[in-house]
Amino acid sequence: MTEDEVDIWNSIIEDSKKKSFFKKVKWRKKDKIKFYQDTINRLLKEHQQDIFINRCSICGALARTPEAKICRNSHKKVNDVWVEMNSIK
(Lines give C-alpha, C1' and ligand atoms only; values in the text may rest on other atoms or scores of the structure.)
Protein backbone atom coordinates (compact mmCIF):
# COMPACT_ATOMS: atom_id res chain seq x y z
CA MET A 1 0.00 0.00 0.00
CA THR A 2 1.03 3.59 -0.44
CA GLU A 3 1.94 5.71 2.59
CA ASP A 4 -1.42 7.49 2.43
CA GLU A 5 -3.27 4.18 2.25
CA VAL A 6 -1.34 2.85 5.24
CA ASP A 7 -2.21 5.99 7.24
CA ILE A 8 -5.90 5.62 6.36
CA TRP A 9 -5.81 1.89 7.14
CA ASN A 10 -4.22 2.51 10.54
CA SER A 11 -6.78 5.22 11.27
CA ILE A 12 -9.64 2.83 10.42
CA ILE A 13 -8.15 0.13 12.66
CA GLU A 14 -7.60 2.54 15.55
CA ASP A 15 -11.12 3.91 15.14
CA SER A 16 -12.62 0.43 15.34
CA LYS A 17 -10.71 -0.30 18.59
CA LYS A 18 -11.64 2.91 20.42
CA LYS A 19 -14.65 2.91 22.70
CA SER A 20 -14.29 6.42 24.07
CA PHE A 21 -16.46 9.40 23.21
CA PHE A 22 -13.51 11.42 21.94
CA LYS A 23 -12.39 10.05 18.58
CA LYS A 24 -10.14 11.75 16.07
CA VAL A 25 -11.89 10.42 12.98
CA LYS A 26 -15.26 8.79 12.66
CA TRP A 27 -15.19 6.47 9.67
CA ARG A 28 -18.54 5.91 8.05
CA LYS A 29 -19.21 2.48 6.63
CA LYS A 30 -19.51 3.78 3.04
CA ASP A 31 -16.15 5.60 3.40
CA LYS A 32 -14.46 2.40 4.60
CA ILE A 33 -15.96 0.39 1.74
CA LYS A 34 -14.85 3.02 -0.80
CA PHE A 35 -11.32 2.99 0.63
CA TYR A 36 -11.16 -0.82 0.44
CA GLN A 37 -12.52 -0.91 -3.12
CA ASP A 38 -10.21 1.86 -4.34
CA THR A 39 -7.17 0.19 -2.77
CA ILE A 40 -8.05 -3.26 -4.13
CA ASN A 41 -8.69 -1.90 -7.63
CA ARG A 42 -5.41 0.03 -7.61
CA LEU A 43 -3.43 -3.01 -6.42
CA LEU A 44 -5.04 -5.26 -9.04
CA LYS A 45 -4.35 -2.71 -11.77
CA GLU A 46 -0.72 -2.01 -10.81
CA HIS A 47 0.24 -5.60 -9.96
CA GLN A 48 -1.89 -7.49 -12.47
CA GLN A 49 1.00 -9.73 -13.56
CA ASP A 50 1.84 -10.66 -9.93
CA ILE A 51 -1.66 -11.58 -8.76
CA PHE A 52 -3.44 -14.80 -9.75
CA ILE A 53 -7.17 -14.95 -9.09
CA ASN A 54 -8.65 -18.43 -9.47
CA ARG A 55 -12.10 -17.84 -10.98
CA CYS A 56 -14.47 -20.41 -12.42
CA SER A 57 -14.72 -19.87 -16.18
CA ILE A 58 -18.31 -21.15 -16.15
CA CYS A 59 -19.92 -18.92 -13.51
CA GLY A 60 -17.13 -16.45 -12.69
CA ALA A 61 -17.20 -17.29 -8.97
CA LEU A 62 -14.04 -16.83 -6.98
CA ALA A 63 -12.54 -20.15 -5.90
CA ARG A 64 -11.74 -20.53 -2.22
CA THR A 65 -7.99 -20.85 -2.78
CA PRO A 66 -5.63 -20.33 -5.75
CA GLU A 67 -5.26 -24.12 -5.99
CA ALA A 68 -8.97 -24.99 -5.60
CA LYS A 69 -10.41 -27.51 -8.05
CA ILE A 70 -14.11 -26.99 -7.17
CA CYS A 71 -15.87 -23.62 -7.25
CA ARG A 72 -18.55 -22.52 -4.81
CA ASN A 73 -21.25 -23.29 -7.38
CA SER A 74 -20.20 -26.92 -7.82
CA HIS A 75 -18.22 -26.66 -11.03
CA LYS A 76 -15.07 -28.75 -11.13
CA LYS A 77 -11.65 -28.12 -12.64
CA VAL A 78 -10.41 -31.10 -14.64
CA ASN A 79 -7.02 -30.84 -16.37
CA ASP A 80 -7.06 -27.07 -15.69
CA VAL A 81 -10.45 -26.65 -17.42
CA TRP A 82 -13.65 -25.83 -15.51
CA VAL A 83 -16.54 -28.19 -16.29
CA GLU A 84 -20.10 -28.78 -15.00
CA MET A 85 -20.16 -31.46 -12.28
CA ASN A 86 -23.16 -33.26 -13.87
CA SER A 87 -21.25 -33.60 -17.17
CA ILE A 88 -18.52 -35.67 -15.47
CA LYS A 89 -19.12 -39.41 -15.61
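Above this text you will find the structure in question.
Residues numbered from 1 in each chain as written. Predicted model: local features only at pLDDT ≥ 70, side-chain atom pairs only at ≥ 80, totals over all residues. Heavy atoms only, no water.

Engineer: Describe the pattern of salt bridges, with residues and values.
Structural biologist: In total, this model carries 3 salt bridges according to the counting rule given. In this structure, R42 and E5 form a salt bridge, with 2.5 Å as the shortest nitrogen-oxygen distance. In this pair, R42 sits in helix α2 (residues 29–46) while E5 sits in helix α1 (residues 3–17), placing the two residues 37 residues apart along the sequence. Each member of the salt-bridge network shares a partner with another, and the members are E5, R42 and E46. (Salt bridge = Lys/Arg side-chain N within 4 Å of Asp/Glu carboxyl O. Helix = DSSP H or I, 4+ residues; strand = E, 2+ residues; numbered from the N terminus.)

Engineer: Describe in detail the side chain of N54, supporting the description with residues and values.
Structural biologist: Structurally, the position occupied by N54 is in the loop between α2 and β1 (75–78). For N54, a relative accessible area of 3% translates into the label buried. One polar contact links the side chain of N54 to the main-chain carbonyl oxygen of A68, over a distance of 3.2 Å. Residues contacting N54, with those up to four places away along its chain left out, are A61, L62, A63, T65, P66, E67, A68, K77 and W82. (Buried < 20%, exposed > 50% of the residue type's maximum accessible area, 1.4 Å probe, protein only. Polar contact = N/O pair within 3.5 Å; in protein donor to acceptor, adjacent residues only side chain to side chain. Contact = heavy atoms within 4.5 Å.)

Engineer: Lay out the environment of G60 in plain terms, naming residues and giving numbers.
Structural biologist: In this fold, G60 is placed in the loop between α2 and β1. Distance in space between the C-alpha atoms of G60 and C71 is 9.1 Å, their sequence separation being 11 residues.

Engineer: How would you summarise the environment of N79 if you had to cite specific residues and measurements?
Structural biologist: With respect to the secondary-structure elements, N79 resides in the loop between β1 and β2 (81–84). With 10 residues separating them in the primary sequence, N79 and K69 have C-alpha atoms 9.6 Å apart.

Engineer: Explain the packing of aromatic side chains to me, and be specific about the residues and the numbers.
Structural biologist: One pass over the full model with this rule turns up 2 aromatic pairs. Centre to centre, the rings of F35 and Y36 are 5.7 Å apart; their planes meet at 55°, and the pair counts as tilted. Look at Y36 and you get partly exposed, because its relative accessible area is 31%. Three or more aromatic residues joined by ring pairs make a cluster, and in this case those are W9, F35 and Y36. (Phe/Tyr/Trp six-rings, centres within 6.5 Å; stacked < 30°, edge-to-face > 60°.)

Engineer: Lay out a nonpolar patch on the surface in plain terms, naming residues and giving numbers.
Structural biologist: Residues M1, V6, W9, Y36, I40, L44, I51, I53 and L62 make up a contiguous nonpolar surface patch of roughly 730 Å² in combined accessible area. Here the nonpolar patch takes 3 residues from α2, the largest share from any one element. In this structure M1 comes out as exposed when scored by relative accessible area, which is 51%. (Patch = residues over 30% accessible without salt bridge, like charges linked within 9 Å, V, L, I, M, F, W, Y side chains within 5 Å. Areas by Shrake-Rupley, 256 points an atom, 1.4 Å probe, with all protein chains shown as cover.)

Engineer: Explain the pairing of β1 to me, and be specific about the residues and the numbers.
Structural biologist: Within a regular strand, the side chains alternate between the two sheet faces. On β1, burial follows the alternation: H75 and K77 on one face are buried, whereas K76 and V78 on the facing-out side are not. With 4 bridges connecting them, β1 and β2 associate as antiparallel partners. Across the sheet, residue H75 finds its bridge partner in β2, namely E84. Between β1 and the antiparallel strand that follows it, β2, lie 2 residues; N79 among them carries a positive phi value of about 50°. (Pairing = 2+ DSSP bridges.)

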